[in-house]
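Survey of secondary and tertiary structure
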Amino acid sequence: MISYSYLKCKDLAQAYDLLDKEEQVYPLAGGTDLLVGMRGGKFTAKLVVDIKELAELKILEENDQGIVIGAAVTLNEIATFKPILDHALVLAEGAHSVGSYPIRNRATLAGNICNASPAADTAAPLFTLNAIVKITGSKGKRTVPINEFFIGPGKNALHKGELVESVLIPRPYPKGAGTYMKASRTGSVDLATVGVAIQRWDDQVQVAVGAVAATPVRAISVEKAINENGEKDFAKAASLARNDISPITDLRGSREYRYHMAEVLIRRGIEKVMEV
Amino acid sequence: MSEKIAINFTVNGDNESRDVEVGQTLMKFIRDDLHLTGTKSGCEIGECGACTVILDGKPVNSCLVLAVELDGKELVTIEGLTKNGELDRIQKAFIDHAAFQCGYCTPGMIMSARALLERTPEPTDEDINEALSGNLCRCGAYQEIREAVKSASKK
Ligand SMILES: Cc1cc2nc3c(=O)[nH]c(=O)nc-3n(C[C@H](O)[C@H](O)[C@H](O)COP(=O)(O)OP(=O)(O)OC[C@H]3O[C@@H](n4cnc5c(N)ncnc54)[C@H](O)[C@@H]3O)c2cc1C
Ligand code: FES
Ligand code: FES
């Protein structure tokens, strides 16, 4: 058995103070990445601070700013929350595509982005919704746009002594449909080989792709072709995604396969949200 | 020797207090300390569902929960479904439909199915597929399992 200390935090301040002062200390939310990672030797923790029972992190609500998703809210809660289904279906679909039903009863959105896998299934949807990450820590609060939160595989924008408090889906909400399309080796319980989020914003689209670069990325070339140059041939627009991604070959798929699937899923997604 | 923490919880309706080692998973705790060996160990990384239990009404992979996290919670394992020697209807349905071969996945399957019937008494095929998406059956009894869940939902 791996040996470390465990503390169930009483409030947020206790959590970030410990994160600040101690070394090799990890926040524990659903534990679906952390416990697997500790067992596999990816993380060596001296202290685990359990934040999932903190009331301030369990907030899931809609207010004047938009939809607030607290860091301890689970993916099953997100995938069934009415304002998200109504205004951010792309995120509900991304959340729903993670793992399996019991995994989603534990796994959180904050854990998904903090783990910073390029394949994180909630990430691409958040990119297309211009989500804002609210961070809190011993030095105060700050916000980071989601597209600046991922730094590299396993690396996020948090400084020592900070944690994610919530993620905001800001108003105004997108006008138009959104969808998340995932290619994986099995129907469930597998990471994305390629994950594509498409969100319509009135007559424009935003496109983001996961598992095809060191971080999730926006397919800017595709967006530009459609939004600025009025490209109506969506297959042609989707083929431009090659300029925006740099996939690798691994056990889930080759580099070429990923290029191909990104293009296919982007085309299908755009056709779906544009109702072709 | 790793640190021990005192926890209070209920398991299958009974109140219990124990000292648990930090780092021990709920799955190991259930099997080795509570001696409830119906909960199985498969992959120990959340992929197979053999270790599924119901924690505060929700199915979870007990290999991805720490035993210390059980404090203040209500745990139901496969042993808790039988009341006064009488099998639960979902257990009976598995027997009636021969929804297993080796039976290793069965406790986990039944716990996932049981939690589904609690939240959705009349599930669609899609609901069943979703609910059992985290439970692997190496013997491939999926068809019979789905039939069993459907038949239990009608009663
Ligand atoms: C069987 C299985 C299947 C999976 N399938 C998928 C999949 O299909 N798609 C996918 O994207 N992922 C998948 N995952 C990975 C994982 O479930 C998700 O990334 C999940 O969302 C992580 O959330 P968590 O709450 O469990 O995080 P945890 O494991 O609790 O934490 C993850 C990391 O983030 C840190 N952390 C957590 N919360 C915060 C916070 N508020 N502030 C700062 N740091 C924090 C932790 O210290 C840790 O380093 C799978 C995992 C398993 C075991
Ligand atoms: S042993 Fe827990 S999911 Fe496989
Ligand atoms: S019956 Fe053997 S694994 Fe399912």
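For clarity, every value in this text was computed on a predicted model and none was experimentally measured. (Residues numbered from 1 in each chain as written. Chains lettered and ligands numbered in written order. Predicted model: local features only at pLDDT ≥ 70, side-chain atom pairs only at ≥ 80, totals over all residues. Heavy atoms only, no water.)

**Brief notes about the site of ligand 1**
Note the following rule: Any residue with at least one heavy atom within 4 Å of a molecule or strand is counted as near it. Polar contact is defined as a pair of N or O atoms within 3.5 Å, subject to the rule that within protein one atom must be able to donate a hydrogen and the other to accept it, and that residues adjacent in sequence are counted only when both atoms are side-chain atoms.
Near ligand 1 you find 37 residues, and of these Pro27, Thr32, Asp33, Thr108 and Asp121 of chain A are the closest. The environment around ligand 1 is built from residues contributed by chains A and B. Contact between ligand 1 and Pro27 of chain A: an oxygen atom at 2.6 Å from a main-chain N or O atom of the residue. The separation between an oxygen atom of ligand 1 and a polar side-chain atom of Thr32 of chain A is 2.6 Å.

**Points about the interface of chain A and chain B**
Defined as follows: We call two residues in contact when some of their heavy atoms are within 4.5 Å. In short, buried area is how much 1.4 Å probe accessible area vanishes from two parts on joining, totalled over both. What counts as a salt bridge is simple: a side-chain nitrogen of Lys or Arg found within 4 Å of a carboxyl oxygen of Asp or Glu. Secondary structure is summarised from DSSP: a helix means a run of H or I of at least four residues, a strand means a run of E of at least two, and numbering begins at the N terminus for each. Classes in brief: Ala, Val, Leu, Ile, Met, Phe, Trp, Tyr, Cys and Pro nonpolar; Asp, Glu, Lys and Arg charged; the others, Gly included, polar.
Every contact between the two is made by 27 residues of chain A and, on the other side, 30 residues of chain B. Together, the buried faces of chain A and chain B total about 2,400 Å²; carbon and sulfur atoms form 56% of this surface. Linking chain A to chain B there are four salt bridges. A salt bridge links Lys52 of chain A to Glu69 of chain B; the shortest N-O distance between them is 2.4 Å. Applying the counting criterion to the chain A and chain B interface returns eleven residue pairs in polar contact (both at pLDDT 80 or more). Put simply, the parts of the chain that give the side of chain A that touches chain B at least two residues each are strand 1 (5-8), helix 2 (34-39) and helix 6 (101-106) of chain A. Among the elements that make up the side of chain A that touches chain B, the one with the highest residue count is helix 6 of chain A (six residues). Partitioning the side of chain A that touches chain B into residue classes produces eleven nonpolar, eight polar and eight charged.

**Focus on the pattern of salt bridges**
Our working rule: Burial classes follow relative accessibility: with a 1.4 Å probe on protein chains only, a residue under 20% of its type's maximum area counts as buried, one over 50% as exposed, and anything between as partly exposed.
By the definition in use, this model includes 22 salt bridges over all chains. For the salt bridge of Arg185 of chain A with Asp190 of chain A, the shortest nitrogen-to-oxygen distance reads 2.8 Å. Under the relative-accessibility criterion, Asp190 of chain A is labelled buried at 8%. A salt bridge links Arg242 of chain A to Glu256 of chain A; its shortest N-O distance comes to 3.2 Å. Residue Arg242 of chain A is found in the loop between helix 10 (234-239) and helix 11 (255-273), and its partner Glu256 of chain A is found in helix 11; the two are separated by 14 residues along the sequence. A relative accessible area of 39% places Arg242 of chain A in the partly exposed class. Judged by its relative accessible area of 46%, Glu256 of chain A is partly exposed. Salt bridges linked by common partners bring Asp50, Lys52 and Arg106 of chain A together with Glu69 of chain B together as one network.

**What about the pairing of strand 1 (residues 4-11) of chain B?**
All names here are of chain B. The condition is simple: Between any two strands, pairing holds if DSSP finds at least two bridges.
For strand 1 and strand 2 (residues 14-21), the ladder comprises eight bridges, and the chain directions are antiparallel. Bridged to Ala6 within strand 2 is Asp19. Where strand 1 meets strand 5 (residues 74-76), two bridges bridge the pair, whose relative direction is parallel. Bridging from a neighbouring strand, Val11 pairs with Leu75 of strand 5.

**Regarding the sheet that holds strand 2 (residues 25-28) of chain A**
Residue and element names in this part refer to chain A. The condition that has to hold: Inter-axis angles, ranging from 0 to 180 degrees, are taken between N-to-C directions of lines fitted to C-alpha atoms, where helices are fitted over the stretch in contact.
On the basis of which strands lie adjacent, the open sheet formed by three strands has the order 1-3-2 and parallel pairing. Edge positions in the sheet fall to strand 1 and strand 2, since each of these pairs with one other strand and no more. Direction aside, the axes of adjacent strands within the sheet are offset by 20° on average. Sheet topology note: the strand 2/strand 3 (residues 47-50) ladder contains four bridges and is parallel. Paired with Val25 across the bridge in strand 3 is Leu47.

**Considering unusual backbone geometry**
Here Arg171 of chain A and Pro172 of chain A are connected by a cis peptide whose omega angle stands at -5°. At Asn130 of chain A, a position not held by glycine, the phi torsion is positive, near 55°. Relative to the helices and strands, Asn130 of chain A is located in the loop between helix 8 (123-128) and strand 6 (132-137). Given the relative accessible area of 34%, Asn130 of chain A is considered partly exposed. The backbone of Ala98 of chain B shows a phi angle near 45°, a positive value even though the residue is not glycine. Mapped onto the fold, Ala98 of chain B is located in the loop between helix 2 (89-96) and helix 3 (106-119). Overall, Ala98 of chain B belongs to the partly exposed group, its relative accessible area being 44%.

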